There are 2 protein chains.
Amino acid sequence: MPQDLPLAGEEEGLLTAFGRYERALMADDLAELDALFAPGHATLRADGATALVGADHIAAYRAARGGAPQRWLRRVHVRWIGPGDAYVVAETDRVAGAGLQTQWWHRDEEGWRVRAAHVSGGPVAGPDPSAAADPATWRLRGEPLVAGAGSGPLHGLRVAVKDLVAVAGQRVGGGVPAWLAQAPLEEAHAPALQRLLDAGADVAGIAQTDEFAFSLMGVNEHSGTPVNARAPGRVPGGSSSGSAAAVAAGTADLGLGTDTAGSLRVPGSYCGLYAWRPTHGAVPSEGVMPLAEDFDSVGLLARDGATLRRAGHVLLGADPGTPVGRPEALLRSRTLSELASPETALAVEAALTALSVATGLPVVDVDVPADAPARWTAAFRTVQAAQAWSHHGPFLQAHPDAVSPSVAARFRAGEAVDAPAVAAAREVIASTRAWLDVVLAQGWLCLPSTSTPALLREAGPDGFEAARAGTLQLTTLASQCGVPALGLPWGRVGELPVGLCVLAPRGADADLLALLEALGPA
Amino acid sequence: MPQDLPLAGEEEGLLTAFGRYERALMADDLAELDALFAPGHATLRADGATALVGADHIAAYRAARGGAPQRWLRRVHVRWIGPGDAYVVAETDRVAGAGLQTQWWHRDEEGWRVRAAHVSGGPVAGPDPSAAADPATWRLRGEPLVAGAGSGPLHGLRVAVKDLVAVAGQRVGGGVPAWLAQAPLEEAHAPALQRLLDAGADVAGIAQTDEFAFSLMGVNEHSGTPVNARAPGRVPGGSSSGSAAAVAAGTADLGLGTDTAGSLRVPGSYCGLYAWRPTHGAVPSEGVMPLAEDFDSVGLLARDGATLRRAGHVLLGADPGTPVGRPEALLRSRTLSELASPETALAVEAALTALSVATGLPVVDVDVPADAPARWTAAFRTVQAAQAWSHHGPFLQAHPDAVSPSVAARFRAGEAVDAPAVAAAREVIASTRAWLDVVLAQGWLCLPSTSTPALLREAGPDGFEAARAGTLQLTTLASQCGVPALGLPWGRVGELPVGLCVLAPRGADADLLALLEALGPA
């Protein structure tokens, strides 16, 4: 852990200087860049092969190079060496590959300046090509399965449709073969899907889901566990598992899925994808198999922010709500961070710092009572289980072996929930919503998308159950409050992706998607 | 400049730990490498594209990679952040290109450990190809001009012979066309050259020299200034200018030249070459045009240390002197460092640190009185001028326009030196030799090869004269004491090479060349 906390105000001053440097670099503002490096013979600037020593040599190099490659911050790690000295690592995306910059910043009477820097870059390892042909990812594929309008803002994009969403002429399987066997042919596309098709997207196929969408791991004992191309040997997360795996492997560009308790945000986090859970009700849910109607939300996954933003605007339709504008701040809660593993929390912190620098929004700490997440998660699970049972209980009573034991147990828990328990849970949810509304008036709340990166496929039912329980404490806040959530796939634990999740006020979906504008390649 | 000096003993402790790390890296000693990184989630290790966060992830990466590429330290820059914290930059040569490592080291109760590291690498920019065909470099070329023995330890190596050295069947031009016009054909190779030929080397050609070798810049108004392939737009240094330029451009592998006041060490420093000035008299000087016989030494230039070592052993012949073994320490003098420009001194310090880590020899400071270099340089110049006049005075009196005005002025200064002045200078030289013998009994003395890197070709006579005067204070110590000197081309000022010069006791040439064994590719 960092050996010294910064003095009060140090971190803000450092990151302000760091942000000035980043903007000056992108603008090739030589005077500003030179001013942010310490003068003198001892200042160092190293790149791939060699080091330049001396501020004058560094300035001459900058003047001659004609600008640095365009880059976007993905993770900024700050390590405090002591008061007035910090080591800052910036990981970036560039048009060609990834980039990396480490700097020693020192504060003297002139302010924060760089005394030593090291820059490098390289290609990012591509996905496992075997993932493209994975049979556990797709239930049905075409070339395309359904052609879109042939033109429009989404022209050429291939959609992996979660097997909860109606595709005209096909059945909805819900990840349960016994259900599929008796499901009717759909007469029309679900309205959400129709919007994507009208905007030019094609349906590449119907992607697998966890059984009745009642899991977060992406494991399905009937169809198998889709390959996670961004984290080989690990689960993809679910329940929008096939959609996420297809987008991660590059066999689709957009995943159309649902998120009740995190079923877009979790596979987004595990597979390194941008994920958007819209405001509850902002996207039509007709034609989509429900799990818990108080919380179900139809949304998207994509490999890059620009695609997600474009498709998100299409999915919101003609009435995307009233813009609320940019927030005043990015909010961070120690209570929520500590629900994640320490290394996940550090990874998400690095992503949050990058987001703060890229947007110019300060990070402000907010208080969340230590016992609140457990309370709101329990309330959520009560209502979710009751509603899930109301939808699928009759089928499961008639087909007792249709789903695996762990999913069956979740449904049976819903059978046992009585009306007073639901009413009590709804009171907790109402107070949570009121509390979160106050919080989100101060800024947008940033938290880990999941409590860990993707688990090993061999983790087994106990491992999966523990990960689900930990992650639900993070994901169910947005679900029960109906607020929109955006998952940014910027964290890394070792080489594994993990998401930073941003919550905005209800209805602020367009503003949340607009956040993506400054953050990556268009 | 570093903001804080280390506490007493800090630098030694840091560099001991750094040396352990380097050896463990080369041996792929995972336990030692892991022990030298700080434990915990916050420790960082970044390479070309991405950062690993957490000591466990770093250890797992190391365990999986199967060893790091072989590398040799070239410059190690230490910047003190404060007591117990240092930023260390290591620049390395690797089989394929150059490498770079920056680390933040922190000392706690467990000792010095790395908290953050960044590794990168890349190709080194090659020489300017136009340098290969440079007409100012060669007076005469063949393919080869003289074939060697056809086998032997130097088989296949091409020698650029300075135009002071007799090549059988050719004339010695001495860089002066009027001299060349009346010079006789040589009947035999100079014995030093014969040794190289007998060992299998070929003569690629006769390389240009400064006029009668009486300059250090590599500028010749008759034949032009050879292109410096390692420092485009800059002089190559002299007087072994053509030999150095040919080796730097890759049109020869060995430069056979002479060093009276630095004529191998200076072009070695300016052109980024390994340079060896042997103990006075250790290599036969028969058949080589003299400049000042008290100081003249026949030696070598090469692009890599292994070639220099191999050829050096050949040049020393059957009786290479009595080995004295490795020194106890590397000696450093603040007085001598301060004779170089501040950035040259810093560059040479980084090279010395690399040499210390690579050899395991400590760096020990020695006292040199501040006025000593001026005194010994004046004495040297007096004797040099007198001897130079005795050799070339008669010719120059008969051919008053044969050399350029600045060189002519140097010779005329010798005409004015009388016998009592020479005797007084020889007393100073004798006391300098006695003093240096005591110093070199403690270790080998390390100093900048030149006071700056190569000057711009446009620097002009005044600029060249100032650079010569500054550099003579560094180079004439070895010359007047007759000790061997090895120039290591490891320093960099901006992108320009500059040499680190190591002086050893008289006769310790084989030991000095043996130093090269651990320092680079064989």
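Note that the structure is predicted; figures quoted are calculated from it, not measured.

## Here we look at the overall build of chain A
Argument step 1. When you go through chain A residue by residue, the secondary structure sums to 15 helices and 17 strands.
Argument step 2. Taken against the 2.2 N^0.38 rule, which gives 24 Å for 522 residues, the C-alpha radius of gyration of chain A at 24 Å falls within 12% of a compact globule.
Argument step 3. Taken along its principal axes, the extent of the C-alpha atoms in chain A is 80 × 50 × 45 Å.
Argument step 4. Out of the 522 residues in chain A, the part that is buried amounts to 59%.
Argument step 5. Relative to all contacts within chain A whose residues are 6 or more apart in sequence, the contacts with residues 24 or more apart total 73%.
Argument step 6. Only carbon and sulfur atoms are counted for the fraction: they give 54% of the accessible area of chain A, which is about 18,200 Å².

## Quick look at the interface of chain B and chain A
Argument step 1. Every contact between the two is made by 45 residues of chain B and, on the other side, 45 residues of chain A.
Argument step 2. At the boundary of chain B with chain A, total buried surface from both sides reaches about 3,800 Å², with 63% on carbon and sulfur atoms.
Argument step 3. The interface formed by chain B and chain A contains zero salt bridges.
Argument step 4. On the surface where chain B and chain A come into contact, there are 10 residue pairs in polar contact (both at pLDDT 80 or more).
Argument step 5. Elements represented by at least two residues in the side of chain B that touches chain A include exactly β1 (44-46), β2 (51-53), β3 (71-82), β4 (85-94), β5 (98-108), β6 (111-122) and α10 (342-359) of chain B.
Argument step 6. Per-element accounting of the side of chain B that touches chain A gives the leading share, eight residues, to β6(B).
Argument step 7. Considering only residue class, the side of chain B that touches chain A consists of 23 nonpolar, 15 polar and seven charged.

## Overview of the relation of the copies chain B and chain A
Argument step 1. Superposing chain B onto chain A takes a rotation of 180 degrees plus a shift of 0.0 Å along the axis, which leaves an RMSD of 0.0 Å. In the structure described here, the two chain copies are related by an operation that fits a two-fold rotation axis. Relative to the rotation axis, the closest C-alpha in chain B is found at B:Ser120, a distance of 3.1 Å.

## Here we look at the sheet that holds strand β8 (residues 158-162) of chain A
Residue and element names in this part refer to chain A.
Argument step 1. Pairing is mixed across the open sheet formed by 11 strands, whose spatial order is β7-β9-β8-β10-β12-β11-β16-β17-β15-β13-β14. Sheet topology places β7 (138-146) and β14 (363-365) at the edges, where each strand pairs with a single neighbour. Neighbour-to-neighbour, the strand axes of this sheet turn through a mean angle of 30 degrees, independent of strand direction.
Argument step 2. Bridging between strand β11 (residues 274-277) and strand β16 (residues 485-493) involves three bridges; their strand directions are antiparallel. Each residue of the ladder has a partner; that of Arg277, found in β16, is Ala485.

## Quick word on the environment of A:Ile58
Residue and element names in this part refer to chain A.
Argument step 1. Tracing the sequence through the fold places Ile58 in helix α3 (residues 55-65).
Argument step 2. With relative accessibility at 1%, the residue Ile58 sits in the buried group.
Argument step 3. Sequence separation between Ile58 and Thr43 is 15 residues; the distance between their C-alpha atoms is 8.5 Å.
Argument step 4. Excluding its chain neighbours within four sequence positions, the residues that come into contact with Ile58 are Phe37, Thr43, Leu44, Arg45 and Leu52.

## Considering the state of the cysteines
Argument step 1. Following the criterion strictly, the structure yields zero disulfides over all chains and no others.
Argument step 2. No disulfide involves A:Cys501; its sulfur sits 8.5 Å from that of A:Cys446, the nearest cysteine.

## Section: the packing of aromatic side chains
Argument step 1. Summed over the entire model, instances satisfying the criterion amount to 23 aromatic pairs over all chains.
Argument step 2. Ring geometry for B:Phe212 and B:Phe411: centres 6.0 Å apart, planes at 85 degrees, overall edge-to-face. In this pair, B:Phe212 is assigned in the loop between β9 (202-207) and α6 (241-249) and B:Phe411 in helix α12 (residues 405-415), connecting sequence segments 199 residues apart. Across the pair, B:Phe411 and B:Phe212 agree in class, each one buried.
Argument step 3. Every member of this aromatic cluster is reached through a ring pair, and the members are A:Trp179, A:Phe212, A:Phe214, A:Phe395 and A:Phe411.
Argument step 4. Just above the ring of A:Phe37 sits the side chain of A:Arg62; from NZ or CZ to the centre is 4.4 Å.

## Details of helix α14 (residues 460-481) of chain B
All names here are of chain B.
Argument step 1. Between its first and last C-alpha atoms α14 spans 31 Å; for 22 residues at 1.5 Å apiece the expected length is 32 Å, and the two agree.
Argument step 2. Roughly 45 degrees is the biggest bend found in α14, and it falls at Thr475.
Argument step 3. Positive phi shows up at Gly482, right after α14, with a value of about 70 degrees.

## Thoughts on the confidence of the model for chain A
Argument step 1. For chain A, the mean per-residue pLDDT works out to 94, and 97% of the residues sit at or above 70.
Argument step 2. Here the prediction assigns the complex a pTM of 0.88, and the interface score ipTM is 0.86.

## Notes on the pairing of strand β9 (residues 202-207) of chain A
Residue and element names in this part refer to chain A.
Argument step 1. The element β9 is extensively covered by neighbouring structure, given that five of its six residues are classed as buried.
Argument step 2. Relative to β9, β7 runs antiparallel, the two being bridged by four bridges. By the bridge assignment for β9, Leu140 is matched with Ile206.

## Considerations on the pattern of salt bridges
All names here are of chain B.
Argument step 1. Considering all chains together, one arrives at 44 salt bridges over all chains under this definition.
Argument step 2. Salt-bridge contacts for Glu32 lead to Arg20; the nearest nitrogen and oxygen are separated by 2.8 Å. On the criterion of sequence distance, the pair formed by Glu32 in helix α2 (residues 30-35) and Arg20 in helix α1 (residues 10-27) is long-range, its members being 12 residues apart.
Argument step 3. The residue Asp253 makes a salt bridge to Arg158 at a minimum N-O spacing of 3.0 Å. With Asp253 in the loop between α6 and β10 (254-259) and Arg158 in strand β8 (residues 158-162), this residue pair connects regions lying 95 residues apart in the sequence.

## Here's the deal with the sheet that holds strand β11 (residues 274-277) of chain B
Residues and elements named next belong to chain B.
Argument step 1. Taken together, the 11 strands give an open sheet; going across it, the order is β7-β9-β8-β10-β12-β11-β16-β17-β15-β13-β14, and neighbouring strands pair in mixed fashion. Edge strands, defined here as strands with exactly one partner in the open sheet, are β7 (138-146) and β14 (363-365). Across the sheet, the axes of successive neighbouring strands diverge by a mean angle of 30 degrees, strand direction being ignored.
Argument step 2. Alignment of β8 against β9, held across five bridges, turns out to be parallel. Among the inter-strand pairings, Arg158 is bridged to a residue of β9, identified as Asp202.
Argument step 3. Packed on one face of the sheet, helix α5 (residues 191-198) meets β7, β8, β9, β10 and β12 (297-302) and runs near 145 degrees to β9.

## Some words on the packing of helix α11 (residues 372-398) of chain B against α12(B)
Residues and elements named next belong to chain B.
Argument step 1. Interhelical geometry of α11 versus α12 gives an angle of 110 degrees and a closest axis separation of 8 Å. What the angle tells us is that α11 and α12 run roughly perpendicular. Viewed along their axes, α11 and α12 form a crossing whose handedness is left-handed. The segment α11 lies against α12, with Ala385, Ala386, Ala388, Trp389, His392, Leu396 and Gln397 engaging Arg410, Phe411, Arg412, Ala413, Gly414 and Glu415.
Argument step 2. Its residues placed into classes, the contact of α11 with α12 shows seven nonpolar, three polar and three charged.

## A short note on helix α8 (residues 305-316) of chain B
For an α-helix the count is 3.6 residues per turn, leaving residues at separations of three or four pointing the same way.
Residue and element names in this part refer to chain B.
Argument step 1. With 12 residues, α8 ought to run about 16 Å at 1.5 Å a step, and its terminal C-alpha atoms sit 16 Å apart, in line with that.
Argument step 2. Of all 12 residues making up α8, 10 are buried, and the element is well covered by its neighbours.
Argument step 3. Listed in full, the buried residues belonging to α8 are Gly305, Ala306, Thr307, Leu308, Arg309, Ala311, Gly312, Val314, Leu315 and Leu316.
Argument step 4. Residues of α8 that are buried in the fold lie against α5, β10, β11, β12, β16 (485-493) and α15 (509-514).
Argument step 5. Of the residues flanking the end of α8, it is Gly317, one or two places downstream, whose phi is positive at about 80 degrees.

## Topic: unusual backbone geometry
Note: most peptide bonds trans; most residues except glycine with negative phi.
Residues and elements named next belong to chain A.
Argument step 1. A cis amide bond links Glu143 with the next residue in sequence, Pro144, at an omega value of -5 degrees.
Argument step 2. Here Pro144 shows up in strand β7.
Argument step 3. Here the amide bond leading from Gly238 into Ser239 is cis, since omega sits at 5 degrees, within 30 degrees of zero.
Argument step 4. Residue position: Ser239 is located in the loop between β9 and α6 (241-249).
Argument step 5. Phi at Ala213 is positive, roughly 65 degrees, even though this residue is not glycine.
Argument step 6. Residue position: Ala213 is located in the loop between β9 and α6.
Argument step 7. A residue is classified by how much of its surface remains accessible, and Ala213, at 6% relative accessible area, is buried.

About the criteria used
- Residues numbered from 1 in each chain as written.
- Chains lettered and ligands numbered in written order.
- Predicted model: local features only at pLDDT ≥ 70, side-chain atom pairs only at ≥ 80, totals over all residues.
- Heavy atoms only, no water.
- Helix = DSSP H or I, 4+ residues; strand = E, 2+ residues; numbered from the N terminus.
- Rg over C-alpha atoms; globule rule 2.2 N^0.38 Å.
- Buried < 20%, exposed > 50% of the residue type's maximum accessible area, 1.4 Å probe, protein only.
- Contact = heavy atoms within 4.5 Å.
- Areas by Shrake-Rupley, 256 points an atom, 1.4 Å probe, with all protein chains shown as cover.
- Buried area = accessible area lost by both parts, 1.4 Å probe.
- Salt bridge = Lys/Arg side-chain N within 4 Å of Asp/Glu carboxyl O.
- Polar contact = N/O pair within 3.5 Å; in protein donor to acceptor, adjacent residues only side chain to side chain.
- Nonpolar A, V, L, I, M, F, W, Y, C, P; charged D, E, K, R; others polar.
- Least-squares fit on C-alpha atoms with pLDDT ≥ 70 in both.
- Pairing = 2+ DSSP bridges.
- Axes fitted to C-alpha atoms, helices over the stretch in contact; angles between N-to-C directions.
- Disulfide = S-S within 2.5 Å.
- Phe/Tyr/Trp six-rings, centres within 6.5 Å; stacked < 30°, edge-to-face > 60°.
- Lys NZ or Arg CZ within 6 Å of the ring centre and 35° of its normal.
- Expected span 1.5 Å × (residues − 1).
- Bend = angle between axes of the 7 residues up to and from the residue.
- pLDDT = per-residue confidence, 0-100.
- Parallel < 35°, antiparallel > 145°, perpendicular 65-115°, else oblique.
- Left-handed = near helix turned anticlockwise from the far one by under 90°.

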